[in-house]
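Remarks on the overall topology
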Amino acid sequence: MRQISHSLAFDHAEPAQRFSDVFDPNNGSVQARVALGDRALLDAAVEAAKKAQPAWAAVNPQRRARVMFNFKALVEKNMDELAHLLSSEHGKVIADSKGDIQRGLEVIEFCCGIPHVLKGEYTQGAGPGIDVYSFRQPVGIGAGITPFNFPGMIPLWMSGVAIATGNAFIMKPSERDPSVPVRLAELFSEAGLPDGILQVLHGDKEMVDAILDHPDIKAVSFVGSSDIAHYVYNRGVAAGKRVQAMGGAKNHGIVMPDADLDQVVNDLSGAAFGSAGERCMALPVVVPVGEKTAANLREKLIPAIEALRVGVSTDAEAHYGPVVTAAHKQKIENWIQTGVDEGAELVVDGRGFKLQGHEEGFFVGPTLFDHVTTDMSAYKEEIFGPVLQIVRAESFEEAVALPSKHQYGNGVAIFTRNGHAAREFAARVDVGMVGINVPIPVPVAYHTFGGWKRSAFGDTNQHGMEGVKFWTKVKTITQRWPDGGGTGDSAFVIPTMG
């Protein structure tokens, strides 16, 4: 059986004592074992990072950018291999896996311009003969704790900006699908990244806690469930670290009476069910405004959902594949039963789905609920599966209030032809990322990604300039070069006193 080990800058002679199984979600079999690290392994990795990071920070930004250019080319060259590797462990179809990697690669493209975004500020003549300037320096050693649902994109979001700005980076990917982050680290090395600057360590809570407690790790980025994000944020901040911790979501799609329902249904098919709903920017709640809108939307949704093809990850005709583990499949099906028990109308039931020839795979069929209400726990909590819920609203005001009052505030979308309604909605809704006729409003790489409320803990978003700010610290210099006469007649005046 294949064994997945750490990607380290030093020889690790001591054999691992603990392992975790890596499944093939398409057939339910164990395909590999991943070695789980401990605090001693992290200590050794940090020591290697400490030795390598000062020299990397001293490399001029243009040369660091060249490593990013080389890495980008290598990822593109190996895209098929990476996508198949990702699909084999996660279960998403190949097209979604390529999209996963491509969205991460777009952040690497942003990092290729790091010499420009690292330019500082300068004020000449801030006081008599006094100039003031500032620049950004790396924090030193950063760490990323990444989730199972995007094993390509999110490691690239974190590592790319951290490394390009001159830091060493330790990555702790999900133990459920760890192979792609290891392969990315190998490609970074091939691209010219020095040893010790990027290291991949596998582990569970023991490794997470070791990262959060380690005094030499200065910044930690996390993506996962909200409860764990809150834990990571509190423990990391208590240890004196910078922490950005992205949590869960329950994104709403508001459908106004004037919306193009055919386009809405087409968008919902991908946004609610793509990647089996295992993404924090999925659209699992649709809010039709008015009973007529709700009736028409439901009529069009049912045949569209029934037409969705669920298949193995290598099926080019499949709309989505299996979920990541048997435990997660059971969790989703338990939430479906909870919705039934709470009184929602189960219109399409995806439980018990079996794919011929792959009966042991972790498949969940597309599911649709109607008449979901805000007091139901199945509405309040994130299901993270191929389940779409219809929550009916009587008015525009109610439609704005639903996502605004929800505990999560990651993303939201409105479908309308009315520019005024869209503008009002975008300005008033209490959610971090808004789509207008865009079902999954993930910003492009040179903007930033981040939600509000229990969807994000910390003050700085992922990638873009917010990412640069997170992985760097500002140093400001006030300087004066006195005349060389040596008379001492010129008194120093603080710029604000002049």
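In short, a report on the structure. Quick caveat, the model's predicted, so the values are computed rather than measured.

The rules we used
Residues numbered from 1 in each chain as written. Predicted model: local features only at pLDDT ≥ 70, side-chain atom pairs only at ≥ 80, totals over all residues. Heavy atoms only, no water. Helix = DSSP H or I, 4+ residues; strand = E, 2+ residues; numbered from the N terminus. Rg over C-alpha atoms; globule rule 2.2 N^0.38 Å. Contact = heavy atoms within 4.5 Å. Areas by Shrake-Rupley, 256 points an atom, 1.4 Å probe, with all protein chains shown as cover. Phe/Tyr/Trp six-rings, centres within 6.5 Å; stacked < 30°, edge-to-face > 60°. Buried < 20%, exposed > 50% of the residue type's maximum accessible area, 1.4 Å probe, protein only. Pairing = 2+ DSSP bridges. Axes fitted to C-alpha atoms, helices over the stretch in contact; angles between N-to-C directions. Salt bridge = Lys/Arg side-chain N within 4 Å of Asp/Glu carboxyl O.

**A few points about the overall build of the chain**
On a plain count of helices and strands, the chain comes out with 16 helices and 21 strands. Taken against the 2.2 N^0.38 rule, which gives 23 Å for 498 residues, the C-alpha radius of gyration of the chain at 25 Å falls within 12% of a compact globule. Taking the contacts inside the chain whose residues are at least 6 apart along the sequence as the reference set, 73% of them involve residues at least 24 apart. Here the chain displays about 20,600 Å² of accessible surface, and carbon together with sulfur accounts for 50% of that area.

**Quick word on the packing of aromatic side chains**
One pass over the full model with this rule turns up 10 aromatic pairs. Considering the side-chain rings of F71 and F188, the 3.7 Å spacing of their centres and the 0° angle between planes classify their relative orientation as stacked. With F71 in helix α2 (residues 61-77) and F188 in helix α7 (residues 179-190), the pair connects residues that are 117 residues apart, well separated along the chain. What makes F188 buried here is its relative accessible area of 1%.

**Re the sheet that holds strand β4 (residues 121-127)**
Overall, antiparallel pairing links the three strands, which are arranged β4-β5-β21 in an open sheet. The sheet is open, and its two borders are formed by β4 and β21 (472-480), each paired with just one other strand. Direction aside, the axes of adjacent strands within the sheet are offset by 25° on average. Pairing between strand β5 (residues 130-138) and β21: nine bridges, direction antiparallel. Bridge pairing links R136 to V474 in β21.

**Observations concerning the environment of V387**
Locating V387 in the fold gives a position in strand β15 (residues 387-390). Among the residues examined, V387 registers a relative accessible area of 2% and is labelled buried. Residues V387 and F457 lie 70 residues apart in sequence; the distance between their C-alpha atoms is 26 Å. Setting aside its immediate chain neighbours within four residues, V387 contacts F273, P284, I332, I336, T367 and F369.

**Re the pattern of salt bridges**
For side chains bearing opposite charge, pairing can occur when the charged atoms are close. Under the criterion given, the structure shown has 29 salt bridges. Notably, a salt bridge pairs K50 with D216, separated by 3.3 Å at the nearest N-O pair. Taken together, the residues span a long stretch of sequence, with K50 in helix α1 (residues 39-58) and D216 in the loop between α8 (205-213) and β9 (219-223) at a distance of 166 residues. For K50, a relative accessible area of 37% translates into the label partly exposed. Notably, a salt bridge pairs R235 with D209, separated by 3.5 Å at the nearest N-O pair. Taken together, the residues span a long stretch of sequence, with R235 in helix α9 (residues 226-238) and D209 in helix α8 at a distance of 26 residues. According to the relative accessible area criterion, R235 is partly exposed, its value standing at 27%. A relative accessible area of 7% means that D209 is categorised as buried. Through salt bridges with shared partners, a single ionic network connects R39, K205, D209, D213 and R235.

**Description of the pairing of β15**
Residues of β15 alternate between two faces, with V387 and Q389 on one and L388 and I390 on the opposite face, all of them buried. Pairing geometry for strand β12 (residues 285-288) and β15, over two bridges, is parallel. Directly across from V286, in β15, lies its bridge partner I390. Direction of pairing for strand β14 (residues 367-370) relative to β15: parallel, over a ladder of three bridges. The residue of β15 that forms the bridge with T367 is V387.

**Overview of the sheet that holds strand β2 (residues 18-24)**
Here three strands make up an open sheet; going across it, the order is β1-β3-β2 and the pairing mixed. Taken across any chain shown, the strands that pair with only one partner, and hence form the sheet edges, are β1 (2-4) and β2. Across the sheet, the axes of successive neighbouring strands diverge by a mean angle of 35°, strand direction being ignored. In this sheet, strand β3 (residues 29-36) lies alongside β2 in antiparallel orientation, the contact comprising seven bridges.

**Digging into the environment of K72**
Locating K72 in the fold gives a position in helix α2. By relative accessible area, K72 is classed as buried at 19%. Considered as a pair, K72 and I217 are 145 residues apart in the sequence and their alpha carbons are 27 Å apart. Leave out the neighbours within four places in its chain, and K72 touches L105, I108 and E109.

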